[in-house]
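Structure at a glance
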Amino acid sequence: MRKWMGAWLLAAIGLAAGGGSADAGHVGACRFPRACVSPDQCVPDACAPAVQYQQVVEQHQKVCYRPVYKTCYKSEQYTTYRTVQETTCTAEKYTVTRPVVEYFDTVRCYTVAKPVYDTQIQEQRHTVMRPVTRTFQVAVPYVTMKPVYEQHVREVCHTVMRPQVHEYTVAIPYTTRRPVYEQHVRTHSYVVNRPVVEEHQVPVTYTVNRPVYEQHVREVPYTVHRTVSEPYQVCIPYTTYRPEYQQHVREHRYVTHRTVSEPYQVCIPYTVMRPVYEQQSYCVPVTTYKTEVSYRTEQRVSYVQEPVVTERVEKVCTGRYETVTEHVPGPVITRCVRMPGTCVFDPCTCTSHYCPGPVVQQQVQCPGRTVCRRVWVPHEECRVVRECRTVCKPVCTTVQVPVCRQVPCTEYRTCSRTVCRMVPEQQVRYETRTRCYTVPEEKVCQIPYTTCRMVPEQHVRYETRMRCYTVPETRVHRQCYTTCRMVPEQHVRLVTQRRCYSVPEVKTVQVPYTTCRWEVDHHVRHEVRRHCTMVPEQITRQVPYTTCRMVAEHHVRHETRCVVEQVPQEIVRHVPVTTCRMEYEQRQQVVRQCRVNHVCEERVRYVPHTTCRVIPETQCRMVPVTTCSMEPYTVTYCVTRCVPVCAPACP
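Below, the structure is looked at part by part.

1. Let's talk about the overall build of the protein chain
Of the regular secondary structure elements, the protein chain holds one helix and six strands. For the protein chain, whose C-alpha radius of gyration is 72 Å, the value lies well above the compact-globule estimate of 26 Å for 651 residues. Overall size of the protein chain, expressed as C-alpha extent along the three principal axes, is 200 × 135 × 40 Å. Expressed as a percentage of the 651 residues in the protein chain, the buried residues total 10%. For the protein chain, contacts bridging at least 24 residues in sequence account for 96% of all contacts bridging at least 6. Carbon and sulfur atoms form 54% of the exposed surface of the protein chain, whose accessible area is close to 50300 Å².

Right, dumping it as structure tokens:
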């Protein structure tokens, strides 16, 4: 019923748009006279006509408008200020102190000590002990020991611990758990909402604003500053100093000492020791050591390690690691969010511009993270611990230990040696020496020197400087702009709307599920264990050994011995002795000294001063300007309407 009502409404709208000029054959016959029906749609009068409706799809076009934004650049002038620095010099007077050095001579007296040496011959007597050697023969009896070696064999018995292993079986009961799964089915009922959709068409009237553009021209006056430079002369006085030099000569007297050398002969007696060599024989005792070996019996105790295995039950704390998942929430941060803006229409420029919304700070919770960590779960269990420890067992053994001792043996050997004794001899030598002394002499020398004085001179120089200033000029700029006004237009379109509602339905589902239960099974396992014991075992071995005995032999040797006796002897020698005495002498010396005088002078220096001034400058920049225009475009859509068709109703 709704479908037929929409078709009649669509036909009525089509007649209104056509202005009443549509053909009557395309509209239902129930609304127009019977004469308007075309003959080809009717059947003979013998049969009553039947009215049927056929759907016809027609394509319509409409004009829509969309905004088109265009950005162009407009020149804009602005004024900037530039800082210019100027440097000027100002004359400033100051006073300095200049040192003037003046030299003068001073006579200084001093005393010189000159050594005078005197040499004399002195006689010295002393006694020395002269060695005298006497030789004689001595008979020395001595005994030597000759070793005699004998071979023997002895039996050595010792006990060795041999390990013996015994095996036995131990039954260990244990329990296992076996899962048993069972299948089941349960019935689950739930309600499902089935959606039902219905469509209908609704006419919607809307208004479209058509833009109308107008061109205008306006004059914009602006001021330009033109820079003008003007030169000017500046007079700067300054002072220079010209040096004037004068030559002078002064007389300088000083005393010099001339050295005079005078040679003389000196007699120096001295003693020379001449060596005299003599051959002597003497006896030297030499002691040698011989080794004698003897054996003694000792009891030695050795320790053998014997293993002992023990078992004990210990309660051991063990455990396992389990993975635990934790959710850590994220941090709360402050974030700046801009609120939605609005579109504002400017009636002066006929444009719409977007105004952004304010910036608001919001507290935002960041997403969390899942952390997996391992947790130690402890538990206790009993374990059988086997310990193997070693026990020291003493074993006694009889051992023959050789003992070595050193026997001294002294012998006399005859040796010869050379004895050197020094025989003094008196000799005399002459030395030529030089005696030096100084003779004073007075001399005069002419010393030239130069003096300098500064003569001031005044000068003037001219500098050309530039003075800059700006001159304002007024100019006019013609600017073209466009105004836009909107003309409203009325349109009507059909909007297809849908209404959706849900119908509840009950459904049943068979859901299978599985249950699990644990069954306990008992088992027994057998373990083979080993027990180790140590069994003593006697072992005998043949050990060869050698004995040594010493046989004494008597001998006699003759040694030549020397006895040294000290005989006193008096020796006389002449020794030169030199004495020194100091002779003092008065002398004079001319010392040159200087005196510094400070003289004040006035000087002029130029101090630079920097001044700043601001110069305006006009510059031009391009400013983007966005304009909006409505561009028409065509939209094609389809319209479905029902057309009545006459069909015969005869069978």
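2. What to know about the environment of glycine 330
Among the structural elements, glycine 330 can be located in the loop between β1 (49-328) and β2 (332-338). Using a relative accessible area of 14% as the deciding quantity, one classes glycine 330 as buried. In this structure the C-alpha to C-alpha distance between glycine 330 and glutamine 280, which are 50 residues apart in sequence, comes to 114 Å. Not counting residues within four places of it along the chain, the set of residues in contact with glycine 330 comprises Gln365, Cys366, Pro367 and Gly368.

3. Here's the deal with the pattern of salt bridges
Across all of its chains, the model carries 37 salt bridges by this definition. Its salt-bridge partner being arginine 178, residue aspartate 521 comes within 3.4 Å of it at the nearest N-O pair. With aspartate 521 in strand β6 (residues 369-648) and arginine 178 in strand β1, this pair connects stretches of sequence that are 343 residues apart. You can call arginine 178 partly exposed: its relative accessible area is 39%. The salt bridge involving glutamate 585 is made with arginine 587; its shortest N-O contact spans 3.8 Å. Residue class for glutamate 585 comes out partly exposed when judged on its relative accessible area of 30%.

4. So, the pairing of strand β4 (residues 351-355)
Across five bridges, the pairing between strand β3 (residues 342-346) and β4 is antiparallel. Bridged to aspartate 346 within β4 is threonine 351. Between β3 and β4, which pair antiparallel in sequence order, lie four residues; one of them, cysteine 350, sits at a positive phi of approximately 55°.

5. A word on a nonpolar patch on the surface
There is a patch of nonpolar side chains on the surface, built from Val101, Tyr103 and Val596 and spanning about 270 Å² of accessible area. Tracing the chain through its elements places valine 596 in strand β6.

6. A look at the packing of aromatic side chains
Applying the stated criterion to the full structure yields one aromatic pair. Stacked on the ring of tyrosine 637, the Lys or Arg lysine 62 has its end atom at 5.7 Å from the ring centre.

7. Regarding the layout of surface pockets
If you add up the space inside the second largest pocket, you get close to 530 Å³. Along the wall of the second largest pocket there are 22 residues; nearest its centre are Thr349, Tyr481, Thr482, Val625 and Thr627. A total of eleven residues in the lining of the second largest pocket trace back to one element, the largest contributor, which is β6. Class assignment of the residues belonging to the lining of the second largest pocket gives a composition of eleven nonpolar, eight polar and three charged.

8. A word on the side chain of threonine 547
Secondary-structure assignment places threonine 547 in strand β6. Sequence-distant contacts of threonine 547, that is, excluding residues within four places in its chain, are made with Val148, Tyr149, Glu150, His152 and Tyr295.

What counts and what doesn't
- Residues numbered from 1 in each chain as written.
- Predicted model: local features only at pLDDT ≥ 70, side-chain atom pairs only at ≥ 80, totals over all residues.
- Heavy atoms only, no water.
- Helix = DSSP H or I, 4+ residues; strand = E, 2+ residues; numbered from the N terminus.
- Rg over C-alpha atoms; globule rule 2.2 N^0.38 Å.
- Buried < 20%, exposed > 50% of the residue type's maximum accessible area, 1.4 Å probe, protein only.
- Contact = heavy atoms within 4.5 Å.
- Areas by Shrake-Rupley, 256 points an atom, 1.4 Å probe, with all protein chains shown as cover.
- Salt bridge = Lys/Arg side-chain N within 4 Å of Asp/Glu carboxyl O.
- Pairing = 2+ DSSP bridges.
- Patch = residues over 30% accessible without salt bridge, like charges linked within 9 Å, V, L, I, M, F, W, Y side chains within 5 Å.
- Phe/Tyr/Trp six-rings, centres within 6.5 Å; stacked < 30°, edge-to-face > 60°.
- Lys NZ or Arg CZ within 6 Å of the ring centre and 35° of its normal.
- 1 Å grid on protein atoms, 1.4 Å probe; cavity = no way out; pocket = protein on both sides within 12 Å on 5 of 7 lines; lining within 4 Å.
- Points joined across faces, edges and corners; volume = space filled by probe spheres on them.
- Nonpolar A, V, L, I, M, F, W, Y, C, P; charged D, E, K, R; others polar.

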